[in-house]
Each structure stands twice: as structure tokens, then as C-alpha cells.
Amino acid sequence: VQLQASGGGLVQAGGSLRLSCAASGRTFSSYVMGWFRQAPGKEREFVAGITRSGGGTTYADSVKGRFTIFRDNTNNTVYLQMNSLKPEDTAVYYCAADNSKYLVVTLREYDYWGQGTLVTVSS
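Our subject in this report is the structure included herewith.

Let us now look at the overall build of the protein. Scanning the protein from terminus to terminus reveals 0 helices and 11 strands. For the protein, the α and β elements follow one another from N to C terminus as β-β-β-β-β-β-β-β-β-β-β. Dimensions of the protein along its principal axes, counting C-alpha atoms only, are 40 × 25 × 25 Å. Counting all 123 residues of the protein, 43% fall into the buried class. Long-range contacts, defined as pairs at least 24 residues apart, comprise 58% of the intrachain contacts of the protein with a sequence gap of at least 6. For the protein, the computed accessible surface area is about 6300 Å², with 45% contributed by carbon and sulfur atoms. Of the charged side chains in the protein, 12 are positive and 9 negative, and the gap between their average positions amounts to 4 Å.

Attention now moves to the sheet that holds strand β1 (residues 3–6). Taken in spatial order, the 4 strands line up as β1-β3-β8-β7 in an open sheet, and their pairing is antiparallel. At either margin of the open sheet sits one strand with a lone partner, and together these are β1 and β7 (67–72). Going from strand to strand, the sheet's axes swing by 15° on average, the running direction of each strand aside. The pairing of strand β3 (residues 17–23) with strand β8 (residues 77–82) spans 6 bridges and is antiparallel. What sits directly across from Arg 18, in β8, is Gln 81.

Approximately 170 Å³ is the volume attributed to the largest pocket. Taken together, 13 residues line the largest pocket, and the ones lying closest to its centre are Arg 37, Lys 42, Glu 45, Glu 88 and Asp 89. Partitioned by chemical class, the residues of the lining of the largest pocket number 2 nonpolar, 3 polar and 8 charged.

This brings us to the pattern of salt bridges. Applying the stated criterion to the full structure yields 5 salt bridges. Residue Asp 61 is joined to Lys 64 by a salt bridge in which the shortest nitrogen-to-oxygen separation is 3.1 Å. In this structure, a network of salt bridges that share partners links the residues Arg 37, Glu 45, Arg 66 and Asp 89.

Conventions used here
- Residues numbered from 1 in each chain as written.
- Predicted model: local features only at pLDDT ≥ 70, side-chain atom pairs only at ≥ 80, totals over all residues.
- Heavy atoms only, no water.
- Helix = DSSP H or I, 4+ residues; strand = E, 2+ residues; numbered from the N terminus.
- Buried < 20%, exposed > 50% of the residue type's maximum accessible area, 1.4 Å probe, protein only.
- Contact = heavy atoms within 4.5 Å.
- Areas by Shrake-Rupley, 256 points an atom, 1.4 Å probe, with all protein chains shown as cover.
- Lys, Arg positive; Asp, Glu negative; His and termini not counted.
- Charge placed at Lys NZ, Arg CZ, Asp CG, Glu CD.
- Pairing = 2+ DSSP bridges.
- Axes fitted to C-alpha atoms, helices over the stretch in contact; angles between N-to-C directions.
- 1 Å grid on protein atoms, 1.4 Å probe; cavity = no way out; pocket = protein on both sides within 12 Å on 5 of 7 lines; lining within 4 Å.
- Points joined across faces, edges and corners; volume = space filled by probe spheres on them.
- Nonpolar A, V, L, I, M, F, W, Y, C, P; charged D, E, K, R; others polar.
- Salt bridge = Lys/Arg side-chain N within 4 Å of Asp/Glu carboxyl O.

The structure is reproduced here in C-alpha cells:
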């Protein structure tokens, strides 16, 4: 599967952005999907994940209550709605697909990656 992330940009603290990740192919619903981010000088970290059906989600503690992951299997797209953004949310955000049954949070478990989209939150 090929992934194309979009929706990043510059936003003030407290603002919102919605990231999108469009997937190619007809088997999108067979993949667990995740969002990761990488800030300058830091390792890539898990942000949010969603099960194949969309019925289950999990979040990093740092974004819980502010970010929402959801997917549209009809349109082969996964989204990350980001509210109450903070300067520490500034990073390149990546979507990823995992070809397994279970929702995982580990970077190395994901098989396919998008190119990343930059989110910058100003204070």
C-alpha cells in the first residue's frame, strides 16, 4: 500500500488542524493504521492508532483528549484531528500501515509509511 499524508501547516497554539492520509489499493481496510511524529532532534514517536474496522483506537498520553484518529474505509483515508495544539506538538507527522490483526504502538511493527507532513505550532 502507498500512503500520502497531507494537511500540515502553521497554526497558533490552541488552534486545530486535520491531517489526512490517503492510501492506494483496495485492501485499506485490512491494515491497522497509525500516526507517528518526529520533532527536530528527537526520535519518531507513536501518536495514535486505529484498528482495521475503526472500532478501536489508542493514543499517546501526550495527545489524549486533544487528538482524534478516525478512518473512512470507503475512501481509503485515515485522519488525525488535532485540537488544542501546543508548541510541543510541532513535528513532522507520518501515517503508517500495519499488516496485522492487532493495534500496535511500536514503530518497527508498521510495514508501510507515508512521506510525512509538517505541523508547526507557534506560541
